[in-house]
2 protein chains.
Amino acid sequence: MNVTGHTRGSSSIRDVAAAAGVSYQTVSRVINGHPSVRQSTRERVLAAIDELGFRRNATALALARGRSRAVTVLTANTTHYGYASILQGVEEAARAAAYSVGVGVLESADEAAVTVEVQRAADAGGGLIVIAYDPAGVRALESVPAGLPVVGVVETPASDPTGDRPWVWTDDREAAYEVTRHLLSLGHETVHYVAIPSSTRRTSARTGGWRQALKEAGAPEPPPVQGGWGPAGGHAAGLELARDPSVTAVLCGNDDLALGVLRALHEAGRSVPGEVSVAGFDDAPHSAYLTPSLTTVRLDFTGLGRAAFALLHGVLEESAPVAPRRVSVPELVVRESSGRPPA
Amino acid sequence: MNVTGHTRGSSSIRDVAAAAGVSYQTVSRVINGHPSVRQSTRERVLAAIDELGFRRNATALALARGRSRAVTVLTANTTHYGYASILQGVEEAARAAAYSVGVGVLESADEAAVTVEVQRAADAGGGLIVIAYDPAGVRALESVPAGLPVVGVVETPASDPTGDRPWVWTDDREAAYEVTRHLLSLGHETVHYVAIPSSTRRTSARTGGWRQALKEAGAPEPPPVQGGWGPAGGHAAGLELARDPSVTAVLCGNDDLALGVLRALHEAGRSVPGEVSVAGFDDAPHSAYLTPSLTTVRLDFTGLGRAAFALLHGVLEESAPVAPRRVSVPELVVRESSGRPPA
DNA sequence: CTGAAAGCGCTTACAG
DNA sequence: CTGAAAGCGCTTACAG
């Protein structure tokens, strides 16, 4: 205990200095790999560090340097496949670079609530990665104060969505376009769409890709059905679509939605793919094992997370190269749930 | 810029003091809600804070106080349902308490690798929550240095697994016991088990509950089949079990495993539940929407995460009450995948 | 009720 | 090559 009431847990730079018989500045030089330290001095310091089990205090380092090796991921969700995989990718890359990773959840898209979360994330020091796939995320990205290092993970952008801020994306517009074309090529007259909540008031990238494919094929454009994020929403949407006998092909905004649609069609007595074809989005781990196994399009979310971190890392270390922005090309995976329409 | 090269981003306690015409100590008192500040002074300071957009620097606070409002979750995985839900629960509770939450992934159970991760987590300051459901997590919990605030999320413990450290658990031994009894009560001669990797070299809690139910019923005890964590492993295990015509009931260590088993039985032409009953573990979001929908046992993982944080919070604020340790009672959910054995 | 001092554990120029 | 000083932005006793 000293005057300010601290109990000293571990040893400090000064303890090491005392043990090595040098000043603490010299210890600082050694732990920072500064070249101008005599070899014998360095060795004595290193020995003392080892003996005392010294670890440099990250908090003090951050305060003295004015920045910390930390990144916090701001996201509306941590459990859905896409979000969770991006977080996983960020963590992998951050760990490799010896950065700590924090996570802040945006529970509401409400302006005040979002601002509070962004502030909290900013308070943590370090940089920010914002997953802007939904209204809360988009708003968060917009409200990051200028000067704070941030990269956005965004949907396929119509135009640059974040001003001059760096961002990464995987081409889900293209992906939606590809799956829709796949279904049309099987002979379906049109493809219905069960949508995930869009990131903005306007059309989402996935909806856009689907619509474009229909347009090019001269197919009718049925209104998208809103499905939410999970199987329950997909189930409700599926029951609705099952009532319409003209529906022969359904594209879903993600694989969980597709799972619910599959179930709804089963309950309605409509066979897949015999009477209705179903396709998902993301290629979640379970999709290959459903019965029928799910036709879907694979997106590299962990790669996206790694790319987001790499970009942020460049910004933080001020060695930022012109980074690639489109991370990967989506891959169509055709399985049992899609086939020719009934004759 | 000043002598040490810092560029001052936002305003400090001193700027506020200057603007309010008081000393910075008084500002400190105001932001800490200290009672002995004259009302008029307080108002002037508050006005200055508002005007300058002052936010107290969390790093400096942590350094001065010697501890930070932070928790880091150490886990082998962030995407599997149980792990992801625990993390979600921790984040919810931490956010409500204005704690920041970090996450560190234990990619290997290797002793050196685990130690590195524990050290990194400790460096972040604040407390630790370790998910000890697997060898990496168990080892991490063991190697947390004494004196560091930590709570473990553990399997049903045979005896106190972490010495004097606080821990929380949900009763998965009981859960396994219940599902097994459910299957036996339907008339099955015995129940086969597809296991998730155990947390230690010894029997896991789930395996133990299953075995106990068999023992009490005088049923034969077939050797557990190792399935790993995901549907692919379940699929392989399912194909193996499908070859044995005497198998009429299969319990799986989690719902993803069950999904793979369901698929394997389908491929082998064995109907569920007509010929074989299948039950899972966890009640993941998709399980109710599978065809057949999955009989399983619901575990409250987010509640577990919240409880872990509450316990840690108590430890950190030194107001630790004797906390409840068993968080919730598992709930059997009977759906379509279980039924009577074939005649 | 309010201010001046010392300290948290580190870094960055500045001297020698 | 190495040491003494000043500073990061805050808090905690200590004086008045």
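By convention here, each chain's residues receive numbers from 1 onward along its written sequence. The order in which chains are written sets their letters, starting at A; the order in which ligands are written sets their numbers, starting at 1. The predicted origin of the model limits local features to residues at a pLDDT of at least 70 and limits the giving and counting of side-chain atom pairs to 80 or more, whereas totals for whole chains, interfaces and linings rest on all residues. Processing note: side-chain calculations cover all non-hydrogen atoms of the structure and skip hydrogens and water entirely.

**Student:** I keep staring at the overall build of chain A and nothing clicks. Help me out?
**Tutor:** Helical segments are the DSSP runs of H or I of at least four residues, strand segments are the runs of E of at least two, and each set is numbered from the N terminus. A tally of regular secondary structure across chain A gives 12 helices and 11 strands. The globule rule is 2.2 Å times the number of residues to the power 0.38, and the radius of gyration it is compared with is taken over C-alpha atoms. Compactness check: chain A gives a C-alpha radius of gyration of 26 Å against a globular reference of 20 Å for 343 residues, more than 25% above the reference. Each principal axis of the C-alpha atoms in chain A carries an extent, and together these give about 90 × 40 × 35 Å. Exposed residues in this analysis have more than 50% of their type's maximum accessible area, buried residues have under 20%, and partly exposed residues fall in between, with area computed by a 1.4 Å probe over protein chains only. For chain A, the residues scored as buried account for 52% of the 343 residues in total.

**Student:** What is the right way to look at the sheet that holds strand β7 (residues 225–226) of chain A in this model?
**Tutor:** Whenever strands of a sheet pair, they do so through backbone hydrogen bonds, lying parallel or antiparallel. Residues and elements named next belong to chain A. Judged by pairing direction, the sheet is parallel, and its 4 strands sit side by side in the order β7-β6-β8-β9 without closing on themselves. Since the sheet does not close on itself, it has two edges, and those belong to β7 and β9 (277–279), each with one partner. Pairing analysis gives 3 bridges linking strand β6 (residues 192–195) to strand β8 (residues 249–252), with the strands arranged parallel. Residue pairing for β8: His192 is matched across the bridge by Val250. Contact definition: two residues touch when any of their heavy atoms are within 4.5 Å. Axes, fitted as lines to C-alpha atoms, cover a helix only where it is in contact. Angles between the N-to-C directions of the axes lie from 0 to 180 degrees. Helix α11 (residues 255–267) contacts β6, β8 and β9 of the sheet and is inclined by roughly 160° relative to β9. Only when DSSP finds a minimum of two bridges between them are two strands counted as paired.

**Student:** I'm lost on the pattern of salt bridges in this one. Help?
**Tutor:** Oppositely charged side chains may form a pair once their charged atoms are brought near each other. Whenever Lys or Arg places a side-chain nitrogen within 4 Å of a carboxyl oxygen from Asp or Glu, that contact is recorded as a salt bridge. Applying the stated criterion across every chain, the model contains 28 salt bridges over all chains. In this structure, Glu221(A) and Arg211(A) form a salt bridge, with 3.5 Å as the shortest nitrogen-oxygen distance. Note that Glu221(A) is positioned in the loop between α9 (205–217) and β7 and Arg211(A) in helix α9, a separation of 10 residues in sequence. Where Arg95(B) meets Glu91(B), a salt bridge forms, and the shortest distance between an N and an O atom there is 2.9 Å. With Arg95(B) and Glu91(B) both in helix α5 (residues 81–96) and 4 residues apart, this pair spans about one turn of that helix. Considered together, Arg95(B) and Glu91(B) belong to a single accessibility category, that of buried residues. Several salt bridges converge on common partners, so that one network encompasses Asp283(A), Arg298(A), Glu331(A) and Arg335(A).

**Student:** Would you explain α5(B) in this entry?
**Tutor:** Residues spaced three or four apart along an α-helix point in a common direction, a consequence of the helix completing one turn every 3.6 residues. Residue and element names in this part refer to chain B. Helix span is expected to be 1.5 Å times the residue number reduced by one. Taking 1.5 Å as the rise per residue, α5 with 16 residues should run 22 Å; its terminal C-alpha atoms sit 23 Å apart, in good agreement. Within α5 the residues assigned to the buried category are Gly82, Tyr83, Ala84, Ser85, Ile86, Leu87, Gly89, Val90, Glu91, Ala93, Ala94 and Arg95. Two residues or fewer after α5 comes Ala98, characterised by a positive phi angle close to 60°.

**Student:** How do you make sense of the environment of Arg38(A) when you look at a structure like this?
**Tutor:** The residue Arg38(A) is located in the loop between α2 (24–31) and α3 (39–52) in this model. When the C-alpha atoms of Arg38(A) and Pro341(A) are compared, they prove to be 79 Å apart, with 303 residues separating the residues in sequence.

**Student:** Looking at this structure, I do not really get unusual backbone geometry. What am I missing?
**Tutor:** The phi torsion of most residues other than glycine is negative, and most of the peptide bonds are trans. Residue and element names in this part refer to chain A. At the junction of Val272 and Pro273, the peptide bond is cis and its omega measures out at 5° in the coordinates. Going from Thr291 to Pro292, the amide bond is cis rather than trans, its omega being -5°. Its location among the elements puts Pro292 in the loop between β9 and β10 (296–298). Despite not being glycine, Asp282 has its phi angle at roughly 115°, a positive value. Along the chain, the position of Asp282 falls in the loop between β9 and β10. Its identity as a non-glycine residue notwithstanding, Asp283 has a phi of 55°, on the positive side. By secondary structure assignment, the location of Asp283 is in the loop between β9 and β10.

**Student:** Please explain the protein's contact with DNA strand D as it appears in this structure.
**Tutor:** Residues in close proximity to DNA strand D total 33 residues, the closest being Gln25(A), Arg29(A), Thr41(A), Ile13(B) and Ser28(B). Consider each residue's heavy atoms; a residue with any of them within 4 Å of a molecule or strand counts as near. Taking the atoms of DNA strand D that fall within 4 Å of the protein, sugar and phosphate contribute 63% of them. Two N or O atoms form a polar contact when they lie within 3.5 Å of each other; inside protein one atom must be a possible hydrogen donor and the other a possible acceptor, and for residues adjacent in sequence the pair counts only when both atoms belong to side chains. With respect to DNA strand D, the side chain of Arg29(A) contributes an N or O atom lying 2.4 Å from a base oxygen. Put simply, the parts of the chain that give the surface near DNA strand D at least two residues each are α2 and α4 (58–65) of chain A together with α1 (13–20), α2 (24–31) and α4 (58–65) of chain B. Polarity classes work like this: nonpolar for Ala, Val, Leu, Ile, Met, Phe, Trp, Tyr, Cys and Pro, charged for Asp, Glu, Lys and Arg, and polar for all others, with Gly in that last group. When its residues are assigned to classes, the surface near DNA strand D shows 13 nonpolar, 13 polar and 7 charged.

**Student:** Help me out: how do you make sense of the nonpolar core in this one?
**Tutor:** The tendency in soluble globular proteins is for nonpolar side chains to be buried as a group. In terms of nonpolar packing, the biggest core is built from 88 residues, with Ile129(A), Leu251(A) and Ile129(B) touching the most fellow members. For Leu251(A), the residues in contact, after removing those within four places along its chain, are Ala176(A), Val179(A), Thr180(A), Leu183(A), Val191(A), His192(A), Tyr193(A), Val194(A), Trp210(A), Ala279(A), Gly280(A) and Phe281(A). Buried residues of nine kinds, namely Ala, Val, Leu, Ile, Met, Phe, Trp, Tyr and Cys, make up a nonpolar core once their side-chain atoms join them within 4.5 Å.

**Student:** Explain the domain arrangement of chain A here, please?
**Tutor:** Interface size is often expressed as the accessible area that is lost when the parts come together. Domain segmentation is taken from an automatic or database assignment of domains. Domain parsing of chain A yields domain 1 (13–56), domain 2 (68–170 + 300–328) and domain 3 (172–299). Centre-to-centre, using C-alpha coordinates, domain 1 of chain A lies 62 Å away from domain 3 of chain A.

**Student:** Explanation requested: empty space enclosed by the protein in the structure shown.
**Tutor:** Space left empty within the atom packing is revealed by a probe, the size of a water molecule, rolled over the atoms. Residues and elements named next belong to chain A. Here a cavity denotes a set of grid points, spaced 1 Å apart and computed over the protein atoms alone, in which a 1.4 Å probe fits but from which it cannot get out, and a pocket denotes an open set meeting protein on both sides within 12 Å along at least five of seven lines; residues with an atom within 4 Å of a point are reported as lining. Grid points are joined across faces, edges and corners, and a volume is the space filled by probe spheres set on the points. This model, assessed by the stated rule, comprises 1 cavity of 30 Å³ or more. Put simply, the largest cavity is a space of about 200 Å³. Among the elements that take part in the lining of the largest cavity, helix α5 (residues 81–96) stands out by supplying 3 residues, more than any other. The residue makeup of the lining of the largest cavity includes at least three contributed by each of domain 2 (68–170 + 300–328) and domain 3 (172–299).

**Student:** Explain the relation of the copies chain A and chain B here, please?
**Tutor:** There are two copies of the chain, and a rotation about an axis plus a shift along that axis relates them. Least-squares fitting of chain A to chain B yields an RMSD of 0.2 Å, with the superposition described by an axial translation of 0.1 Å and a rotation of 180°. Accordingly, the operation relating the two chain copies is best matched by a two-fold axis. The rotation axis passes nearest to the C-alpha of Gly102(A) in chain A, at a distance of 2.0 Å. The least-squares superposition of copies is restricted to C-alpha atoms, and to residues with a pLDDT of at least 70 in both copies.

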